[in-house]
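Residue-level listing of the chains:
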Amino acid sequence: MSLARVRALTVIGVLALVAVITVVWAIVTDDQTGTTAIGCNTVQTDIPEPSAVKVRVYNGTDEAGLASKVANALKKRKFEIVATGNDPQGEPVTQTAQIRYGPAGAGAAQLLQATVRGSVIVDDGREDGSVDVVIGIDFKDLTPEKDVPAELKTLDPPQPSTPAGC
């Protein structure tokens, strides 16, 4: 074997050894508990108590007073109602209701989805933990309070979108 070939194989061997050591070191020292990228939200999927949920109730139908009626019913169940009115998006909601939330309100959205049986959840990417309930044309009544825990068990966990770069 020529001296040039031995030198080349030695250099390749050293580079391969350095690469293996670097990969092993990275795997051993990575604890996966670092912070998220700036501007990225963490998903809060724990189901909160109703009193910890800030809710805006909007009417997505032509029925006058529906948002106030539903807001009063949710208030009796200890939800914190922060606003009522017509849906600011202005488009009719064809489902029972839409539950709009962001990653910080995923658990609260799921609790409200169980409270308003037949509703759909919509991740609108908001930064805070507030949740909007937009009552739709198929709305009849809230889920009976005693049935909410069982309803929660039937729901899939919310899958909020992740902002680009997170």
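Placed above this text is the structure.
Here's what I pulled together on the structure shown here. As the structure is a computational prediction, the values presented were derived from the model and not from experiment. (Residues numbered from 1 in each chain as written. Predicted model: local features only at pLDDT ≥ 70, side-chain atom pairs only at ≥ 80, totals over all residues. Heavy atoms only, no water.)

### Re the pattern of salt bridges
Taken as a whole, this structure holds seven salt bridges when the rule is applied. Residue Asp87 is joined to Arg100 by a salt bridge in which the shortest nitrogen-to-oxygen separation is 2.8 Å. Highlighted residues: Asp87 in the loop between β2 (80–86) and β3 (97–101) and Arg100 in strand β3, separated in sequence by 13 residues. A single burial state applies to Asp87 and to Arg100, both of which are buried. Where salt bridges share partners, they join Arg56, Asp124, Arg126 and Asp132 into one cluster. (Salt bridge = Lys/Arg side-chain N within 4 Å of Asp/Glu carboxyl O. Helix = DSSP H or I, 4+ residues; strand = E, 2+ residues; numbered from the N terminus. Buried < 20%, exposed > 50% of the residue type's maximum accessible area, 1.4 Å probe, protein only.)

### Things to note about a nonpolar patch on the surface
On the surface, a cluster of nonpolar side chains totalling about 460 Å² of accessible area is made up of Met1, Leu3, Val6 and Leu9. Along the chain, Leu3 turns up in helix α1 (residues 3–29). Judged by relative accessible area, which is 61%, Leu3 ranks as exposed. (Patch = residues over 30% accessible without salt bridge, like charges linked within 9 Å, V, L, I, M, F, W, Y side chains within 5 Å. Areas by Shrake-Rupley, 256 points an atom, 1.4 Å probe, with all protein chains shown as cover.)

### Some remarks on the sheet that holds β2
Across the sheet, five strands lie side by side as β2-β1-β5-β3-β4; this open sheet has mixed pairing. On the outer flanks of this sheet lie β2 and β4 (120–123), each paired with one strand and no other. Direction aside, neighbouring strands of the sheet carry axes that sit 20° apart on average. Bridge count between strand β1 (residues 54–59) and strand β5 (residues 131–135): five bridges; the pairing is parallel. In the sheet register, Asn59 faces β5, and the bridge partner there is Ile135. (Pairing = 2+ DSSP bridges. Axes fitted to C-alpha atoms, helices over the stretch in contact; angles between N-to-C directions.)

### Looking at the environment of Asp141
Residue placement: Asp141 occurs in the loop between β5 and α4 (148–154). Take Asp141: its relative accessible area is 56%, and that puts it in the exposed class. When the C-alpha atoms of Asp141 and Ala73 are compared, they prove to be 9.3 Å apart, with 68 residues separating the residues in sequence.

### Some details on unusual backbone geometry
In this structure, Lys78 is a non-glycine residue whose phi angle is positive, near 80°. With respect to the element layout, Lys78 can be found in the loop between α2 (66–76) and β2. The exposure class assigned to Lys78 is exposed, which follows from its relative accessible area of 59%.

### Brief notes about the environment of Phe139
Relative to the elements of secondary structure, Phe139 occurs in the loop between β5 and α4. Given the relative accessible area of 11%, Phe139 is considered buried. Sequence separation between Phe139 and Ala97 is 42 residues; the distance between their C-alpha atoms is 6.6 Å. Beyond its immediate sequence surroundings of up to four residues, Phe139 is in contact with Leu66, Val70, Thr96 and Val116. (Contact = heavy atoms within 4.5 Å.)

### Considering the nonpolar core
Nonpolar side chains in soluble globular proteins generally cluster together in the buried interior. If you look at the biggest cluster of nonpolar residues, it comprises 26 residues, and the most contacted ones within it are Val55, Val57, Val70, Leu74, Leu112 and Ile135. For this core, the secondary-structure elements that each account for two or more residues are β1, α2, β3, α3 (106–115) and β5. Top element by residues in this core is α3. It accounts for six residues. Those residues in contact with Leu112 that lie beyond four places of it in its chain are Val53, Val55, Leu74, Phe79, Ile99, Ser119, Val131 and Val133. (Core = buried A, V, L, I, M, F, W, Y, C linked by side-chain atoms within 4.5 Å.)

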